[in-house]
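This is what each chain is made of:
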Amino acid sequence: METRVLEIDPLEDCRAAYREAAALLAEGQLVAIPTETVYGLGADAFNADAVAQVFAVKERPHFDPLICHLPNAAAVHEIADVPEGLRGLVDTLAAEFWPGPMTLVLPRRACVPDIVTSGLPTVACRVTSHEAMRGVAKALGHPVAAPSANRFGHISPTSAAAVLKELGGAIPLVLDAGACSEGLESTILAPCLDDKGNPAVRVLREGPITREKLREVCRVLKPAKKGAQEDAPSAPNAPGQLKSHYAPSKPLTLCSPFGPFTPQPGVRYGLISYKGESKLAQMDCWVEKMSLSPGSGRLAEAAVRLFAVMRAMDECEDVDAIVAEELPTVGLGAAMMDRLTRAAADRNA
């Protein structure tokens, strides 16, 4: 199959392109569609056979549920049955963070096929701020089930070129809107009642909507125990919770920016540094060094560059193994450390 790339500019009238993508989805085919976070591999969420192709093309385990992308916040009620006690909280979150990089895990309606939710009683709902995904969902008239457009466990794609390297020849169309503006997958939340019966949210996956931002509008439950993010279940109850994920093909090790790091003889190491100025970065054992936020140390810039830098380092022929500096675990740093920790996890563990 030849994969066609259709360039679009969301600032212009792209409705014809959205209708073309929606027509392919309506036929049961798959299309790569950009969001503000990463490019997604889209299928008609109400077509179980098409969704099965998503799992096949990505080589994704069927127990890992998908996110349903909606054209607007009102559409959440078409696929989710929001409990009365949580409607106020859900409305508040939607008003504050949608369109945007937030996914809500809510009780599902019967119209959502089991394969989308991996048989779970909940469905993951999102309204992206990217016009392309919303426009395609609107043109289709159904939610678009869309995990990241890459082979399962690999580095998430933040450009059309990255999608082609992962899935070129396996899908008919990629909508190319340039680089993603956020670079990290959405924050995943489970609205719930706390032990006193008050509305709250549980963070299932860290992302661009940080805990600090969430606390400004609602109660955020603490993790059940320290390291709960790392102790992800083998059969997740929401997307993006597997312990090993977002991984380059080369081994990746996390290290403090202050060291120590002892290189193994004969191994050519590449370093992913936060600012490029740390004690670790000054070591002379690196055959390649790449910085997430060169010199400035801006977490927002680092988040946008994280997956692109990981992919570039993975494709560097001179590098055998990757070392990544640990990042500050505040704000976006927590989300980036979540991705790096999963990328460094032993896939055979």
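Residues numbered from 1 in each chain as written. Predicted model: local features only at pLDDT ≥ 70, side-chain atom pairs only at ≥ 80, totals over all residues. Heavy atoms only, no water.

## Notes on the overall build of the chain
- In terms of regular secondary structure, the chain is built from ten helices and 14 strands.
- Whereas a compact globule of 349 residues would reach a radius of gyration of roughly 20 Å, the chain reaches 20 Å, a difference of no more than 12%.
- Principal axes of the C-alpha set define a box for the chain whose edges measure 55 × 55 × 40 Å.
- Across the 349 residues of the chain, 55% fall into the buried class. (Helix = DSSP H or I, 4+ residues; strand = E, 2+ residues; numbered from the N terminus. Rg over C-alpha atoms; globule rule 2.2 N^0.38 Å. Buried < 20%, exposed > 50% of the residue type's maximum accessible area, 1.4 Å probe, protein only.)

## Some words on the sheet that holds strand 14 (residues 321-325)
- Spatially, the four strands line up as an open sheet ordered 11-14-12-13, and their pairing is parallel. In this open sheet, the two edge strands, each paired with only one partner strand, are strand 11 (252-255) and strand 13 (286-291). The sheet shows a mean angle of 25° between the axes of neighbouring strands, taken without regard to direction.
- Two elements, strand 11 and strand 14, share four bridges in a ladder whose sense is parallel. Residue pairing in the sheet places Leu-254 in a bridge with Ala-324 of strand 14.
- Against the sheet, helix 9 (residues 299-314) engages strand 11, strand 12 (269-273), strand 13 and strand 14, with an angle of about 165° to strand 13.
- Lying over the sheet, helix 10 (residues 332-344) contacts strand 11 and strand 14, oriented at roughly 130° with respect to strand 11. (Pairing = 2+ DSSP bridges. Axes fitted to C-alpha atoms, helices over the stretch in contact; angles between N-to-C directions. Contact = heavy atoms within 4.5 Å.)

## Concerning the nonpolar core
- Counting residues in hydrophobic clusters, the biggest one holds 49 residues, and the most contacted among them are Leu-93, Cys-125 and Ile-171.
- Non-local contacts of Ile-171, meaning those with residues more than four positions away in its chain, are made with Met-1, Glu-2, Thr-3, Leu-30, Ala-32, Leu-41, Val-57 and Val-163.
- Among the nonpolar cores identified, the runner-up in size contains 28 residues, and Leu-252, Ala-303, Ala-324 and Met-337 belong to it. (Core = buried A, V, L, I, M, F, W, Y, C linked by side-chain atoms within 4.5 Å.)

## Considering the pattern of salt bridges
- Per the counting criterion, the structure on display carries 17 salt bridges.
- In this structure, Arg-268 and Asp-320 form a salt bridge, with 3.0 Å as the shortest nitrogen-oxygen distance. A residue pair is termed long-range when its members are at least 10 positions apart, and Arg-268 in the loop between strand 11 and strand 12 and Asp-320 in the loop between helix 9 and strand 14 qualify at 52 residues.
- What emerges from the salt-bridge pattern is a single network uniting Glu-185, Asp-338, Arg-339 and Arg-342. (Salt bridge = Lys/Arg side-chain N within 4 Å of Asp/Glu carboxyl O.)

## Points about the confidence of the model for the chain
- In this model, the chain carries an average pLDDT of 93, and 95% of its residues clear a pLDDT of 70 or more.
- With pLDDT under 50 throughout, residues 227-233 is counted as low confidence; its partners more than four residues away or in other chains account for 17 contacts. (pLDDT = per-residue confidence, 0-100.)

## Examining unusual backbone geometry
- Cis geometry marks the peptide bond from Trp-98 to Pro-99; its omega dihedral reads -5°.
- One can find Pro-99 in the loop between helix 4 (87-97) and strand 5 (102-107).
- The amide bond that connects Gly-259 to the next residue, Pro-260, takes the cis arrangement and shows omega of 0°.
- The residue Pro-260 is located in the loop between strand 11 and strand 12 in this model.
- The phi angle at Glu-59 is positive, at roughly 60°, despite the residue not being glycine.
- Within the fold, Glu-59 resides in the loop between helix 2 (48-58) and strand 4 (67-69).

## Observations concerning the environment of Gly-141
- Relative to the assigned elements, Gly-141 resides in the loop between helix 6 (131-140) and strand 7 (144-145).
- For Gly-141, a relative accessible area of 52% corresponds to the exposed category.
- It is 9.4 Å that separates the C-alpha atoms of Gly-141 and Ala-26, two residues lying 115 residues apart in sequence.

## With respect to the state of the cysteines
- Under the criterion given, the structure shown has zero disulfides.
- Of all cysteine sulfurs, the one in Cys-255 lies closest to Cys-285, which takes part in no disulfide; the gap is 9.3 Å.
- Overall, Cys-285 belongs to the buried group, its relative accessible area being 18%. (Disulfide = S-S within 2.5 Å.)

## Structural notes on the packing of aromatic side chains
- Scanning the model with the defined rule gives four aromatic pairs in all.
- Judged by centre distance (5.4 Å) and plane angle (20°), the ring pair of Phe-261 and Trp-286 falls under stacked. Here Phe-261, found in the loop between strand 11 and strand 12, pairs with Trp-286, found in strand 13; they are 25 residues apart in sequence, far enough to count as distant.
- Trp-286 gets classed as buried once you look at its relative accessible area, which sits at 11%.
- Relative to Trp-286, the ring of Tyr-269 has its centre 6.5 Å away and its plane inclined at 90°; by these criteria the two rings are edge-to-face. (Phe/Tyr/Trp six-rings, centres within 6.5 Å; stacked < 30°, edge-to-face > 60°.)

## Thoughts on the sheet that holds strand 10 (residues 199-205)
- Judged by pairing direction, the sheet is mixed, and its ten strands sit side by side in the order 1-8-2-3-7-4-6-5-9-10 without closing on themselves. Since the sheet does not close on itself, it has two edges, and those belong to strand 1 (4-7) and strand 10, each with one partner.
- The sheet contact formed by strand 1 and strand 8 (residues 173-176) spans four bridges and is parallel. From the neighbouring strand, Leu-6 faces strand 8, where its bridge partner is Leu-175.
- Docked against the sheet, helix 2 engages strand 3 (39-44) and strand 7, running at close to 145° with respect to strand 3.
- Sheet strands in contact with helix 4 are strand 5, strand 9 (187-193) and strand 10, and its direction is about 160° off that of strand 5.

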